[in-house]
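Residues per chain, in single letters:
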Amino acid sequence: MNNQDLMARFQAAMVMNYGKMPAVIVRGKGSQLWDADGKEYIDLFAGFGGTILGHCHPALVDAVTMQAQALWAVGNQFYSEPQIRVAEHLKSKGFDGRAFFCHSGAESNEAAIKLARLAGGEGRFKIISMHKGFHGRTLGALSATPTVEYQKDFLPMTPGFAHVPFNDVKALEAAIDAQTCGVIVEPIQGEGGLNVPEEGYLKGVREICDRHKLTLIFDEVWTGCGRTGKYFAHQHFGVTPDIMTLGKAIGGGVPVGCMFATPEKAALLKPGMHGCTLGGNPLCAAVAAAVFDVLDKDQLPAKATKLGEMAKTRIRGFKNAGSRIKDVRGHGLFIGVELTATDGTPVVMAALAKGLIVNATSKNVLRICPALTIEEQQLMRGLDILEQAIAA
């Protein structure tokens, strides 16, 4: 079967709720992909950051194979050894906390919102989020995502959310009232255009939350698991949250989400208050544990820092496309390339035609977020193609 045949079958059987690229991907290895017509691509997007170790990494294949031969799922009324390994990685690489596992970043944020309300006590239920932030598409997470295009068809939103500008601590403090219980913010905004916080901003948010006894939630669904050059992006800024939410990369490409809360906050969730039937099932948890094993063994956060700096230097030096680039920003292998054009879609499509996968967000910001396992030569070859695509 070729691309056209498979796309026709897909369209006849599936809900078309995603904007689709004109290719059916059938195989992957590392940072290479192949479609049903046999065309090869360099992948600089890693499945929205999910395949943090690339496609079909041997350690993840081994982990899921071994676990599949032992135990798939048993239900969360029993203890599960793979969950323990993942949670211990989070404690050792992040902060002292307790893990709740689910399937996605949106579910992680739903759990965090509920816990923040629980911690707030009677009469305190409002969550403040930031303009251009993105926290998921379930109703609670969408209510915390103040983007009209995402919300307009599903109004009214869940009550109890307020929104203020990113990088503005004065606006944050002014929005707090007697009903406010928490703040949710991405340490680096992903969907909103790879927006990096100004110096001191996150520390200011932490101080405000402490002063008003609010729960601080860092949404690290995009930025977690080594992508920014630290295990978690908040570590760049010297600030620790009360709750951290994870998705995408933590599963290395299989569906894993995690809400990770300080012991004091986590203790508020009693049996029956929240759950996820297959959350942290042994198959997914075994893969997530292996992700951290590889990040450790191969020192991939440090590699992300090195390659990220090289990539930004290369992009800023584009001779044939430099005038069409407004800004290059980000940390590690989480890079945003803001174009002077108002729409980055033509660049994405030109790159795809040349065998390169990238993504545009916030209309005109290209996202460069390859697997941390990508080799320097392959990354630079991909950036050569990107320069051609922007110039075209």
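Scroll up a little and you will see the structure.
A quick note: this is a predicted structure, and the numbers were derived from the prediction, not measured.

Calculation notes
- Residues numbered from 1 in each chain as written.
- Predicted model: local features only at pLDDT ≥ 70, side-chain atom pairs only at ≥ 80, totals over all residues.
- Heavy atoms only, no water.
- Helix = DSSP H or I, 4+ residues; strand = E, 2+ residues; numbered from the N terminus.
- Polar contact = N/O pair within 3.5 Å; in protein donor to acceptor, adjacent residues only side chain to side chain.
- Contact = heavy atoms within 4.5 Å.
- Buried < 20%, exposed > 50% of the residue type's maximum accessible area, 1.4 Å probe, protein only.
- Pairing = 2+ DSSP bridges.
- Axes fitted to C-alpha atoms, helices over the stretch in contact; angles between N-to-C directions.
- Expected span 1.5 Å × (residues − 1).
- Arc of directions from axis to C-beta.
- Phe/Tyr/Trp six-rings, centres within 6.5 Å; stacked < 30°, edge-to-face > 60°.
- Parallel < 35°, antiparallel > 145°, perpendicular 65-115°, else oblique.
- Left-handed = near helix turned anticlockwise from the far one by under 90°.
- Nonpolar A, V, L, I, M, F, W, Y, C, P; charged D, E, K, R; others polar.

Explain the side chain of Gln 151 to me, and be specific about the residues and the numbers.
Mapped onto the elements of the fold, Gln 151 is located in helix 6 (residues 148-151). Within the structure, the side chain of Gln 151 is placed 3.0 Å from the backbone oxygen of Leu 142, a separation counted as a polar contact. Only 2.8 Å separates the side chain of Gln 151 from the backbone oxygen of Thr 145, close enough to count as a polar contact. The contacts of Gln 151, once residues within four sequence positions are left out, are Leu 142, Ser 143, Thr 145, Pro 146 and Met 157.

How would you summarise the pairing of strand 10 (residues 257-261) if you had to cite specific residues and measurements?
Judged by how many residues are buried, strand 10 sits mostly within the fold: 5 of 5 residues are covered. Burial along strand 10 is two-sided: Gly 257, Met 259 and Ala 261 facing one way and Cys 258 and Phe 260 facing the other are all buried. Strand direction decides the pairing type here: strand 4 (residues 98-102) and strand 10, joined by 5 bridges, are antiparallel. Bridge pairing in strand 10 places Phe 101 opposite Cys 258. Both strand 9 (residues 243-246) and strand 10 contribute to a ladder of 4 bridges, which runs antiparallel. Looking at the pairing, Thr 245 lines up with Met 259 of strand 10.

Could you give an account of the sheet that holds strand 10, naming the residues involved and the relevant values?
Hydrogen bonds along the backbone pair up the strands of a sheet, which may run parallel or antiparallel. Spatially, 7 strands are ordered 4-10-9-8-7-5-6 in an open sheet, and the strand pairing comes out mixed. The open sheet terminates on both sides in strands that have one partner only, identified here as strand 4 and strand 6 (161-164). Averaged over neighbouring strand pairs, the angle between their axes works out to 20° when direction is ignored. Each of strand 4, strand 9 and strand 10 touches helix 3 (residues 81-93); the most contacted strand, strand 4, lies at about 130° to it.

Mind laying out helix 11 (residues 300-316), listing which residues take part and the relevant values?
With 17 residues, helix 11 extends 24 Å between its outermost C-alpha atoms, agreeing within 8% with the 24 Å of an ideal straight helix rising 1.5 Å per residue. Listed in full, the buried residues belonging to helix 11 are Leu 300, Pro 301, Ala 304, Leu 307, Gly 308, Ala 311, Lys 312 and Ile 315. For helix 11, the buried positions fall inside an angular range of 140° around the axis, keeping them on one side. Across helix 11 from its buried face, at more than 90 degrees, point the exposed residues Ala 302, Lys 306 and Thr 313. If you follow the buried residues of helix 11, they end up packed against helix 10 (282-297), strand 11 (325-331), strand 12 (334-339) and helix 13 (376-391).

Tell me about unusual backbone geometry, and name the residues and values.
Excluding glycine, residues mostly carry a negative phi; peptide bonds, for their part, are mostly trans. Omega for the peptide link from Leu 155 to Pro 156 comes to 0°, which places this bond in the cis form. The backbone of Lys 132 sits at a positive phi, close to 70°, despite the residue not being glycine. In this fold, Lys 132 is placed in the loop between strand 5 (126-130) and helix 5 (139-143).

Describe the sheet that holds strand 13 (residues 356-357), listing the residues and the values that go with them.
Ordered by their spatial adjacency, 4 strands build an open sheet running 1-2-3-13, and the pairing between neighbours is mixed. Taken across any chain shown, the strands that pair with only one partner, and hence form the sheet edges, are strand 1 (25-29) and strand 13. The pairing of strand 1 with strand 2 (residues 32-35) spans 4 bridges and is classified as antiparallel. What sits directly across from Lys 29, in strand 2, is Gln 32.

Tell me what's going on with the environment of Ile 357, and back it up with residues and numbers.
If you trace the backbone, Ile 357 turns up in strand 13. For Ile 357, a relative accessible area of 15% puts it in the buried group. When near neighbours in sequence (up to four residues on either side) are disregarded, Ile 357 contacts Leu 33, Tyr 41, Ile 42, Asp 43, Leu 44, Phe 45 and Leu 352.

Outline the packing of aromatic side chains, listing residues and values.
Counted by the stated rule, this structure contains 6 aromatic pairs. Each ring, one from Phe 45 and one from Trp 222, has its centre 6.1 Å from the other, and the planes form 50°; the classification is tilted. With a gap of 177 residues between them, Phe 45 in the loop between strand 3 (40-43) and helix 2 (58-68) and Trp 222 in the loop between strand 8 (215-219) and strand 9 connect regions that are remote in the sequence. Relative accessible area serves as the criterion here: at 6%, Phe 45 is assigned to the buried category. Residue Trp 222 is classed as buried on the basis of its relative accessible area of 8%. Here a set of aromatic residues connected by ring pairs shows up, and it is made of Phe 45, Phe 48, Trp 222 and Phe 334.

Provide a residue-level description of the packing of helix 2 against helix 10, including the pertinent values.
Contact geometry of helix 2 with helix 10 gives a least axis separation of 9 Å together with a crossing angle of 150°. Considering their axes alone, helix 2 and helix 10 lie roughly antiparallel with respect to each other. Both helix 2 and helix 10 take part in a crossing whose hand is right-handed. In this structure, helix 2 uses Ala 59, Leu 60, Ala 63, Val 64, Gln 67 and Ala 68 to contact helix 10, whose residues at the interface are Pro 282, Leu 283, Ala 286, Val 287, Ala 290, Val 291 and Val 294. Tallied by class, residues from the contact of helix 2 with helix 10 come to 12 nonpolar, 1 polar and no charged.

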